[in-house]
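Observations on the three-dimensional arrangement
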Amino acid sequence: MATLQGKSIVVVGGSSGIGFAVALASLQSQAKSVIIASSNQAKVERGVERLKAYNLPGEISGHVVDAMDSASVKKFALDIGTVDHIVWSSGDNPGKTVNAKVETYEAGQGVFAVRFWGPFVLAQHAKFNPGGSLTLTSGLIGVKPWPGSHLAAGMLSSLDGLVRGLAVDLAPVRVNLVNPGPIDTEIFDIMFGDQKKSALEGLAAKSLLKRVGEPSEAAEAYLFLMKCGFITGQRIDVEGGQVLM
């Protein structure tokens, strides 16, 4: 079984949620170093301390990057130097983009800033070792929109085209996409508050597996895409069968 032994892993959005699970799983898979990045210093410090608490081998460090600022993303790409694998899991609160009433081009661009333009800029400046990869993150609404979600659906589905284009232009660097369904992370606390339990039950009912996913389950898809050297330009759906309901 392939591991990440000797590899350097960067996770943008790695201070919490799926990104944190990817960072932890990378250490468990014997990564030499893991760099997590987030939007402010406090988040980065908390994420680094949480990872260190597992007492796993591997160097752990953090960077601050403003994913909505192209200059910050470019500086981050240059500062981390040459690495093996980069995962972009950073994303704005879905509650701001799903069913949001956006009537102007300028407001709509904000929806794309973190998930599309951030990794777009990163891809132009990141440096990879041979066998390296870049993995982006989409969302189920891009595949199965619901009423009122057209802006989020458009943004998320655009990542399919971005990934395929980058796979061609960055080859032999591999570029892939993970498309998670409902995963029980901190974002649901922000979105639903006291209604989280009932919201998750409603989402589970729409899944063939009748449950929501765990961050560690989503992380497995990212690890596969990092470790498998013969896959590029592809999307992996980790959504419990919701697209079939």
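Report on the accompanying structure. (Residues numbered from 1 in each chain as written. Predicted model: local features only at pLDDT ≥ 70, side-chain atom pairs only at ≥ 80, totals over all residues. Heavy atoms only, no water.)

Examining the overall build of the protein
From N to C terminus, the protein includes 8 helices and 7 strands. Projected onto its principal axes, the C-alpha positions of the protein cover 45 × 40 × 35 Å. Split into buried and exposed, the 245 residues of the protein put 49% on the buried side. Counting only contacts in the protein whose residues sit at least 6 apart along the sequence, the fraction spanning at least 24 positions is 76%. Accessible area of the protein: about 11700 Å², with a carbon and sulfur share of 56%. For the protein, the centre of its 22 positive side-chain charges and the centre of its 22 negative side-chain charges are spaced 3 Å apart. (Helix = DSSP H or I, 4+ residues; strand = E, 2+ residues; numbered from the N terminus. Buried < 20%, exposed > 50% of the residue type's maximum accessible area, 1.4 Å probe, protein only. Contact = heavy atoms within 4.5 Å. Areas by Shrake-Rupley, 256 points an atom, 1.4 Å probe, with all protein chains shown as cover. Lys, Arg positive; Asp, Glu negative; His and termini not counted. Charge placed at Lys NZ, Arg CZ, Asp CG, Glu CD.)

As for the nonpolar core
Core analysis: the biggest nonpolar cluster contains 37 residues, and Phe76, Ile86, Trp88, Leu122 and Leu134 have the highest contact counts within it. Breaking this core down by element, the ones donating at least two residues are strand S1 (8-12), strand S2 (33-38), helix H3 (70-80), strand S4 (82-88), helix H4 (105-125), strand S5 (127-137), helix H5 (150-170) and strand S6 (174-180). Top element by residues in this core is H5. It accounts for 10 residues. Beyond its immediate stretch of four places on either side in the chain, leucine 122 contacts Val73, Phe76, Ala77, Ile86, Trp88 and Leu134. Judged by nonpolar contacts, the second largest core, of 29 residues, contains Ile18, Ala31, Val48 and Ala218. (Core = buried A, V, L, I, M, F, W, Y, C linked by side-chain atoms within 4.5 Å.)

Some thoughts on the environment of valine 64
Structurally, valine 64 is set in strand S3 (residues 59-64). With a relative accessible area of 39%, valine 64 lands in the partly exposed category. As a C-alpha pair, valine 64 and glycine 13 span 51 residues in sequence and 10.0 Å in three-dimensional space. If we ignore the near neighbours within four places in the chain, the residues touching valine 64 are Ser38, Ser39, Asn40, Gln41 and Val44.

Observations concerning the sheet that holds S5
Where strands meet in a sheet, backbone hydrogen bonds hold them as pairs that are either parallel or antiparallel. Judged by pairing direction, the sheet is parallel, and its 7 strands sit side by side in the order S3-S2-S1-S4-S5-S6-S7 without closing on themselves. The sheet terminates laterally at S3 and strand S7 (235-238), the two strands that pair on one side only. For this sheet, the mean angle separating the axes of adjacent strands, direction not counted, is 20°. Pairing of S2 with S3 involves 6 bridges; the strand directions are parallel. Note that in S3 the partner of serine 38 across the bridge is valine 64. H5 rests against S5, S6 and S7 of the sheet, and its axis sits at about 160° to S6. Along the sheet face, helix H8 (residues 215-227) touches S1, S4, S5, S6 and S7 and points at about 165° away from the line of S6. (Pairing = 2+ DSSP bridges. Axes fitted to C-alpha atoms, helices over the stretch in contact; angles between N-to-C directions.)

Looking at the packing of aromatic side chains
On inspection of all chains with the given rule, the structure shows 4 aromatic pairs. With 6.4 Å between their ring centres and 10° between their planes, phenylalanine 116 and phenylalanine 120 make a pair best called stacked. One end of the pair is phenylalanine 116 and the other is phenylalanine 120, both in helix H4 and 4 residues apart, which spans about a single turn. For phenylalanine 116, a relative accessible area of 13% translates into the label buried. Residue classification places phenylalanine 120 among the partly exposed positions, given a relative accessible area of 31%. Measuring from ring centre to ring centre gives 5.2 Å for tryptophan 117 and phenylalanine 120, while their planes differ by 80°; the resulting arrangement is edge-to-face. (Phe/Tyr/Trp six-rings, centres within 6.5 Å; stacked < 30°, edge-to-face > 60°.)

Comments concerning the packing of helix H1 (residues 17-28) against H8
Two elements in contact, H1 and H8, have axes whose closest approach is 8 Å; the angle formed by their N-to-C orientations is 60°. Of the possible angle classes, the one that applies to H1 and H8 is oblique. In this structure, H1 meets H8 at a crossing whose hand is right-handed. Taking contact as the criterion, the partners of Gly17, Ile18, Ala21, Val22, Ala25 and Ser26 in H1 are, on H8, Pro215, Ser216, Ala218, Ala219, Tyr222, Leu223 and Met226. Classifying every residue of the contact of H1 with H8 by side-chain character gives 10 nonpolar, 3 polar and no charged. (Parallel < 35°, antiparallel > 145°, perpendicular 65-115°, else oblique. Left-handed = near helix turned anticlockwise from the far one by under 90°. Nonpolar A, V, L, I, M, F, W, Y, C, P; charged D, E, K, R; others polar.)

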